[in-house]
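One letter stands for each residue in the lines below.
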2 protein chains.
Amino acid sequence: MKRSISDRIEQYIKVLISRSDAQQIEIQRAELAETFSCVPSQVTYVLSTRFNGKDGYITESRRGGKGFVRITRISSSSPDCTRLQNDLEEMIAHMLEEQHLQESEAQLINYLLSALSEDLDEEQRHLVLSRMVKAIARYNSLHSK
Amino acid sequence: MKRSISDRIEQYIKVLISRSDAQQIEIQRAELAETFSCVPSQVTYVLSTRFNGKDGYITESRRGGKGFVRITRISSSSPDCTRLQNDLEEMIAHMLEEQHLQESEAQLINYLLSALSEDLDEEQRHLVLSRMVKAIARYNSLHSK
DNA sequence: ATCTAAAGGTCAATAATAGTCAAAGGGGTA
DNA sequence: TACCCCTTTGACTATTATTGACCTTTAGAT
């Protein structure tokens, strides 16, 4: 039930990326703003809040004539489990620092993670790991108030 | 048998959830308060007293324009998995009693469980659940002296 | 080389939501 | 009645979205 303009722009971009070959698209900021009847800076807002490194995207741009914004999905697309594992470790370390997690909870997560992903093939392991990344991220946002 | 406003809000939300197909609804706090002619913070009160983790729900929210409160019932499931689910619940209850688990850890497990097994087909769900059962069992034995 | 038009970026103000917390209210029950 | 626990309120706070004025960069024309 995502209804704000920012939400709809986010969805639109994600659909475009999922339809792309290289997990990458190029848009024109002003044109996209026109499509959604908003000011151009709102597109910038969406990019910075939903397509930043933390969310698994990188954005590059060029100003002036023939300018563009290129958005590339990096994290959750390649079946590279090591990367997900690193993401998780970073997230847990960060949550510990911020005291959103107790030491015992971090240990529990690590324990569950290894127990759940043990003996899985690459594809299944990737599934479990990426779900775990999302779940932990969400859990964190639930607890960081 | 007089029902308070909080009771009526509770019932209202539960009806909405039972009518939903994903055990999940999104409301606007101010709108719901308007419906029941109460202040918005009373909705927050109802959520925290009747829709918390201990009651089998998680609530998430977003402030700002087009904000919302999402309430999800975490119980579910299909018959085959029910047994595993029950096992898990019992184990967790037991570990809580024995103080091998803190309340916050139990909630973390429930959260991860629902996030990890969401949208899986029967077979995969069974796999995740049974691994979780094994993992928790092992975790328990590690933590009981 | 300079100028100009056409992009995109920054930042702060304003609006729209939801959360927090403590005080006040109300209904049972010893 | 006195007391307790749950409910109800509202002032204050926090977060997120939307808008617009002003700034910077780039390609192409002169």
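These notes cover the structure that comes with them. Think of each chain on its own: its residues are numbered from 1, step by step along the sequence as written. Written order determines the labels here, with chains lettered from A and ligands numbered from 1. Local features in this predicted model are restricted to residues whose pLDDT is 70 or higher, and side-chain atom pairs enter the listing and the counts only when it is 80 or higher, whereas totals over whole chains, interfaces and linings include all residues. The side-chain values count all of the structure's non-hydrogen atoms but skip hydrogen atoms and water molecules.

### What to know about the sheet that holds strand E1 (residues 24-27) of chain A
Residue and element names in this part refer to chain A.
- Any two strands with at least two DSSP-identified bridges between them are counted as paired. Under the scheme used here, helices are H or I runs from DSSP no shorter than 4 residues and strands are E runs no shorter than 2 residues, and both carry numbers assigned from the N terminus. The strand order E1-E3-E2 describes an open sheet built from three strands, whose pairing is antiparallel. For this open sheet the edge positions go to E1 and strand E2 (57-62), each flanked by a neighbour on one side alone. Averaged over all pairs of adjacent strands, the angle between strand axes in this sheet comes to 15°, irrespective of strand direction.
- Across six bridges, the pairing between E2 and strand E3 (residues 68-73) is antiparallel. Looking across to E3, one finds that Thr59 is bridged to Ile71. Lines are fitted to the C-alpha atoms to define the axes, a helix being fitted only along its stretch in contact, and any angle between axes, read from their N-to-C directions, falls within 0 to 180 degrees.

### Focus on the protein's contact with DNA strand C
- Each residue is tested against the molecule or strand, and it is near if at least one of its non-hydrogen atoms lies within 4 Å. Around DNA strand C, 26 residues are found, and the nearest of them are A:Arg29, A:Arg63, B:Arg29, B:Arg63 and B:Gly64.
- Each atom of DNA strand C within 4 Å of the protein was classed as base or backbone; sugar and phosphate made up 61%.
- In protein, a polar contact means a hydrogen-donor-capable atom and an acceptor-capable atom, both N or O and within 3.5 Å, with residues adjacent in sequence counting only if both atoms are side-chain atoms; elsewhere, any N or O pair within 3.5 Å suffices. A:Arg29 places a polar main-chain atom, nitrogen or oxygen, 2.8 Å from a phosphate oxygen of DNA strand C.
- At 3.4 Å, a side-chain N or O of A:Thr44 approaches a phosphate oxygen of DNA strand C.
- Contributing elements (two or more residues each) for the surface near DNA strand C: helix H2 (29-35), helix H3 (40-50) and E2 of chain A together with helix H2 (29-35), helix H3 (40-50) and strand E2 (57-62) of chain B.
- Asp, Glu, Lys and Arg are counted as charged, while Ala, Val, Leu, Ile, Met, Phe, Trp, Tyr, Cys and Pro are counted as nonpolar; the rest, among them Gly, fall into the polar class. Split into classes, the residues belonging to the surface near DNA strand C amount to four nonpolar, 14 polar and eight charged.

### As for helix H1 (residues 5-19) of chain A
- Expected helix span is given by 1.5 Å per residue-to-residue step, counting one fewer step than there are residues. The end-to-end C-alpha separation of H1(A) is 21 Å, in line with the 21 Å expected for 15 residues at 1.5 Å each.
- Burial classes follow relative accessibility: with a 1.4 Å probe on protein chains only, a residue under 20% of its type's maximum area counts as buried, one over 50% as exposed, and anything between as partly exposed. Among all positions of H1(A), only A:Ser6, A:Asp7, A:Ile9, A:Glu10, A:Ile13 and A:Ile17 are buried. The buried residues of H1(A) occupy an angular sector of 160° when projected down its axis, which confines them to one face.
- At its buried positions, H1(A) is contacted by E1, H2, H3, E2 and E3 of chain A together with E2 of chain B. Here the arc refers to the set of directions running from the helix axis out to each C-beta atom. By the convention used here, residues are in contact when the closest approach between their heavy atoms is within 4.5 Å.

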